[in-house]
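Overview (structure and organization)
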Amino acid sequence: MPDKQTITSFFEHLQDTICQGLEEADGGAEFQQDAWERPGGGGGRTRVIQDGNVLEKGGVNFSAVYGEMPQALQEKMGMVGNTFYATGVSIVLHPKSPMAPIIHMNVRYFEMSGEQNRYWFGGGIDLTPHYVVKEDARYFHQELKKVCDRHHTEFYPQFKSWADDYFYIKHRKETRGIGGIFFDRLTETESFGKAQIFEFVKDVGLAFVPVYSQLIQKNRDLPFGEKEKDWQLVRRGRYVEFNLVLDQGTKFGLETDGRIESILMSLPKQANWYYNHQPEAGSKEAETLAWLKKGINWV
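Numbers given to residues run from 1 along each chain, matching the order in which its sequence is written. The predicted origin of the model limits local features to residues at a pLDDT of at least 70 and limits the giving and counting of side-chain atom pairs to 80 or more, whereas totals for whole chains, interfaces and linings rest on all residues. Excluded from the side-chain calculations are hydrogens and water; all other atoms, namely the structure's heavy atoms, are used.

1. Some points on the overall build of the protein
Note the threshold: Strands here are runs of E lasting at least two residues and helices are runs of H or I lasting at least four, both read from the DSSP assignment and numbered beginning at the N terminus. When we talk radius of gyration, it's over C-alpha atoms, and the globule rule is simply 2.2 Å times the number of residues to the 0.38. Type-normalised accessible area, obtained with a 1.4 Å probe on protein chains alone, sets the label of each residue: buried when under 20%, exposed when over 50%, and partly exposed for intermediate values. In what follows, residue pairs with any heavy atoms lying within 4.5 Å of each other are defined as contacts. Where accessible areas are quoted, they stem from the Shrake-Rupley method and a 1.4 Å probe; at the residue level, only the protein chains shown are allowed to cover. Only four residue types enter the tally: Lys and Arg on the positive side, Asp and Glu on the negative side, with His and both chain ends excluded. The atom standing in for a charge is NZ when the residue is Lys, CZ when it is Arg, CG when it is Asp and CD when it is Glu.
Secondary structure assignment for the protein yields ten helices and nine strands. Taking 2.2 N^0.38 as the reference for a compact globule, 299 residues should give roughly 19 Å; the C-alpha atoms of the protein span a radius of gyration of 19 Å, in line with that estimate. Its C-alpha atoms give the protein principal-axis dimensions of roughly 60 × 40 × 35 Å. A buried classification covers 54% of the 299 residues belonging to the protein. The long-range share in the protein, meaning contacts at least 24 apart out of those at least 6 apart in sequence, stands at 70%. Surface summary for the protein: the accessible area is close to 13,800 Å², and the carbon and sulfur share equals 49%. For the protein, the centre of its 35 positive side-chain charges and the centre of its 41 negative side-chain charges are spaced 4 Å apart.

2. A look at the pairing of strand S5 (residues 102-113)
Which entries qualify depends on this criterion: Two strands qualify as a pair provided that DSSP identifies no fewer than 2 bridges between them.
The buried count for S5 comes to nine of twelve residues, which makes it a mostly enclosed element. Strand direction decides the pairing type here: strand S4 (residues 83-95) and S5, joined by eleven bridges, are antiparallel. Of the residues in S5, the one forming a bridge with Thr 83 is Ser 113. Taken together, S4 and the strand that follows it, S5, pair antiparallel across an intervening segment of six residues. As paired strands, S5 and strand S6 (residues 118-128) are joined by eleven bridges and run antiparallel to one another. The partner of Ile 102 across the bridge, within S6, is Thr 128.

3. Some words on helix H1 (residues 4-26)
Put simply, the rule reads: Given the number of residues in a helix, its expected span is that number minus one, multiplied by 1.5 Å.
With 23 residues, H1 extends 33 Å between its outermost C-alpha atoms, agreeing within 8% with the 33 Å of an ideal straight helix rising 1.5 Å per residue. Of the positions making up H1, those classed as buried are Ile 7, Thr 8, Phe 10, Phe 11, Leu 14, Gln 15, Ile 18, Cys 19, Gly 21, Leu 22, Ala 25 and Asp 26. Backbone geometry just downstream of H1 places Gly 27 in the positive-phi region, at approximately 75 degrees.

4. Section: the packing of aromatic side chains
Quick note on the threshold: Each pair of aromatic rings taken from Phe, Tyr and Trp, with Trp reduced to its six-membered ring, is defined by centres within 6.5 Å and is described as stacked if the planes are under 30 degrees apart, edge-to-face if over 60, and tilted in the remaining cases.
By the definition in use, this model includes 24 aromatic pairs. When the ring of Tyr 66 is compared with that of Tyr 85, the centres are 6.4 Å apart and the planes differ by 10 degrees; the resulting orientation is stacked. Here Tyr 66, found in strand S3 (residues 55-68), pairs with Tyr 85, found in strand S4; they are 19 residues apart in sequence, far enough to count as distant. Measuring from centroid to centroid gives 5.8 Å for Tyr 166 and Phe 242, while their planes differ by 75 degrees, and the two rings are edge-to-face. Placement of Tyr 166 in helix H4 (residues 155-166) and of Phe 242 in helix H7 (residues 226-245) is noted, with a sequence separation of 76 residues between them. Both residues of the pair, Tyr 166 and Phe 242, count as buried.

5. Things to note about the pattern of salt bridges
For the record, the criterion: Every case where a carboxyl oxygen of Asp or Glu lies within 4 Å of a side-chain nitrogen of Lys or Arg is listed as a salt bridge.
A complete count under the given rule lists 21 salt bridges for this structure. Measuring nitrogen to oxygen at the nearest pair gives 2.9 Å for the salt bridge that ties Asp 16 to Arg 47. One end of the pair, Asp 16, is in helix H1; the other, Arg 47, is in strand S2 (residues 42-50), and 31 residues separate them in sequence. When its relative accessible area of 12% is taken as the criterion, Arg 47 is described as buried.

Next up, the structure:
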């Protein structure tokens, strides 16, 4: 059964692998590393890429933090524990071109010791196109379904629905993008052990570079103008709203005295907000908005 050292080592390796793959796909900029320590226990490596050929700003974070379990967090989770250990990799990439999509991935492991010794895995991967292209959405979801199906045929429909609900901007009544998969608090059952869950999480992480590289190579050189660029900044604004208002990872980082620069790494360099912005009827922008809803069978 994998222990926390084995899981942590894989996540460190995954960060290295993903950064190397993204540098190759971008063909310009390189990641800059900022190693940090967390007051109270642990630390991590924040790696940021900026102003590349494809990527305007992106981050690939690794962390392994531990310490006393805050009382407020115990109450929120409905658990009793003395200490926690959390490790994982978190990624957000904002491309230069509005024709290429934003992407997010997170894979993580959490355990708590005390009166209740518990552990679980969580994570997911979702895509946020500035312009929804059905062909790309189908490809993205088909690839995620392949990963899920290798481990359990119920994973994709369950985790796809979970992503639709999780990546929903309630105050806008729209999804952040076309979704993907999301899972949390996965722990062993009679038929599915810890080692099997870990293998699934590893496969999700390793699928990231091939899938995103395909999407950016397909769309990076498509023409666009000021109208498309302005729409990109509006959609980035929606991304910011979700991450600051609704994202549980952001909240967890803040509630456990996480490193603020790493927590807010997911935000773009630029974003726009217009009062009561409404795209023109029949436009590509209006068409994209019409796709931002739950329950679409992209596969």
